[in-house]
Amino acid sequence: MSVVFRTLLATLSALLSAAGVLLLGVYLLVSTEHGTRWILQQALLQAEGLTFETTQGTLATGLTFRNVAWQTADTGVRIGEVSIHADPACLWRATLCITRLAIADVQGRSKGSGDSAADAITPPAFLWPLRFEAHEVTLNQLSWHQGPDAPQPAFQLETLQLRAVAQGRQLHVHDVRAAWPDHLLRGEFRLRTHAEWVLNAAFTLDAVIPAAGRDWVRADRLQAQVNTRGPLHALGVEVDIIAAGQQASARGRLNLLSQRPSFSINVHIPAWQYADTVTRVSVQNVKVHVSGTPAEFEWQAASELEPLLLPDAPPVPAGTLGLRGRRTGPSLSGVQLTYRSRDGAHALQWTGELQTGEPPARASGHLRLQT
């Protein structure tokens, strides 16, 4: 029995010694600049295209990167500063804990022209080597340019705050709060980083309506509930909007794995009306279909028009209203506006083009009337 006891004691002592050596090694890795530098070197070997100019501090006390750059065949990203604070104690439960991650001054640009299918983006299958927790993530000032020569950013973000947990091929991002001019987005999403990246998300958007549109909706703000589900190359999207009691919904699909993201969206507005002392517009069952890319898309719309009153014009009888066309840059081509009264006694068709770039807008086309 004493032999067994001594054997168990020796085994336990060896295990404790090994654990002590491991703890000391982990401490030296995350608490000293030499150890931190070694970890960064290993990370750079795994992250192709990632570079940075200067670092300061350690993972345990706080690590700061400056002038970070990440270059791939599809995109280029530059970050002014990244600050990371980690909790080494989490490693004992096979978890990498980032207590605070702060990112500032991010500038991104896509490199492809988006003129061919070769510009499609193929995300890699990614497996998290250990559980990852980010307790506080903040990002300040992000701008994204679409295309190698775009002078103005296609998207700008003022602030972003979130928390995240990742394990295996699953990333769960929650407590998201994103703000950009006159917009606030809150929600969460789950991303599966397998061969086919799948995004399930639920967000609430609060937005200020531009001044030019406030008179038409009789509201200063709108709220939208956004839900997504499916792979990024065929992402299903559902949007429900409410503004001053008026509602609209949109259902469609997006392809986000392209230098020119494409979409196919159906919009439904049950009823919309506008009225003042001299004008009354009321439409029912508005249906709109839009498909294409942000730079070039086609649309068609149809609705039921109630009796219409316009300033200095005779009343327009109730009827059906249709509109279709194509947008390419600042031009609207192939525009067709049709109207037919319910009794069939009146009809209108206008076909032409609109130039909406530099004001004033210009229109040209042909008009046919039936009265």
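Computed from a predicted model, the values in this text were never measured in an experiment.

Draft legend 1. The layout of surface pockets, seen in detail. By volume, the second largest pocket amounts to about 1200 Å³. Considered class by class, the residues forming the lining of the second largest pocket number 34 nonpolar, 9 polar and no charged.

Draft legend 2. View of a nonpolar patch on the surface. The grouping of L91, L96 and L130 at the surface amounts to a nonpolar patch, some 200 Å² of accessible area in total. By secondary structure assignment, the location of L96 is in strand 5 (residues 95-110). Taking the relative accessible area as the measure of exposure, L96 reaches 34% and is therefore partly exposed.

Draft legend 3. Highlighting the state of the cysteines. In this structure the tally under the stated criterion is 1 disulfide. Bridging C90 to C97, the disulfide has an S-S length of 2.1 Å. What sets the handedness of the C90 and C97 disulfide is the S-S torsion sign, and at about -95° it is left-handed. Residue classification places C90 among the buried residues on the basis of a relative accessible area of 6%.

Draft legend 4. Layout of the pattern of salt bridges. Evaluated as defined, the whole model comprises 10 salt bridges. Ionic pairing is found between R251 and D240, a salt bridge with its closest N-O pair at 3.3 Å. Here D240 lies in strand 12 (residues 235-243) and R251 lies in strand 13 (residues 246-255), a separation of 11 residues in the sequence. For D240, a relative accessible area of 34% puts it in the partly exposed group. The partner of E298 in a salt bridge is R326, with the nearest N and O atoms 2.2 Å apart. Placement of the pair is E298 in strand 16 (residues 296-305) and R326 in strand 17 (residues 319-328), with a sequence separation of 28 residues.

Draft legend 5. Fine view of the side chain of S341. As for its placement among the helices and strands, S341 is situated in strand 18 (residues 331-341). For S341, a relative accessible area of 4% corresponds to the buried category. Among the polar contacts listed, one links the side chain of S341 to the backbone nitrogen of A345, at a separation of 3.2 Å. Here S341 is in contact with P317, A318, G319 and H346, once residues within four sequence places are set aside.

Draft legend 6. The environment of L310, seen in detail. Summarising the element assignment, L310 is placed in the loop between strand 16 and strand 17. Measuring from C-alpha to C-alpha, the distance between L310 and A275 comes to 9.9 Å, with 35 residues separating the pair along the chain. For L310, the residues in contact, after removing those within four places along its chain, are V278 and T279.

Draft legend 7. Focus on the packing of aromatic side chains. Using the criterion set out here, one finds 2 aromatic pairs in the structure. Note on F189 and F203: the rings are 6.4 Å apart at their centroids and 40° apart in plane angle, and the pair reads as tilted. Within this pair, whereas F189 is found in strand 9 (residues 183-192), its partner F203 is found in strand 10 (residues 198-208), the two being separated by 14 residues in sequence. Of the residues examined, F203 reaches a relative accessible area of 13% and is grouped as buried. Judged by centre distance (6.4 Å) and plane angle (50°), the ring pair of F263 and F297 falls under tilted.

Draft legend 8. Summary view of the environment of I242. Among the secondary structure elements, I242 is positioned in strand 12. Remark: the alpha-carbon pair of I242 and Q225, spanning 17 residues in sequence, is separated by 9.0 Å. If we skip the residues at most four places from it in the chain, I242 touches L222, Q223 and Q247.

Analysis parameters
- Residues numbered from 1 in each chain as written.
- Predicted model: local features only at pLDDT ≥ 70, side-chain atom pairs only at ≥ 80, totals over all residues.
- Heavy atoms only, no water.
- 1 Å grid on protein atoms, 1.4 Å probe; cavity = no way out; pocket = protein on both sides within 12 Å on 5 of 7 lines; lining within 4 Å.
- Points joined across faces, edges and corners; volume = space filled by probe spheres on them.
- Nonpolar A, V, L, I, M, F, W, Y, C, P; charged D, E, K, R; others polar.
- Patch = residues over 30% accessible without salt bridge, like charges linked within 9 Å, V, L, I, M, F, W, Y side chains within 5 Å.
- Areas by Shrake-Rupley, 256 points an atom, 1.4 Å probe, with all protein chains shown as cover.
- Salt bridge = Lys/Arg side-chain N within 4 Å of Asp/Glu carboxyl O.
- Helix = DSSP H or I, 4+ residues; strand = E, 2+ residues; numbered from the N terminus.
- Buried < 20%, exposed > 50% of the residue type's maximum accessible area, 1.4 Å probe, protein only.
- Disulfide = S-S within 2.5 Å.
- Polar contact = N/O pair within 3.5 Å; in protein donor to acceptor, adjacent residues only side chain to side chain.
- Contact = heavy atoms within 4.5 Å.
- Phe/Tyr/Trp six-rings, centres within 6.5 Å; stacked < 30°, edge-to-face > 60°.

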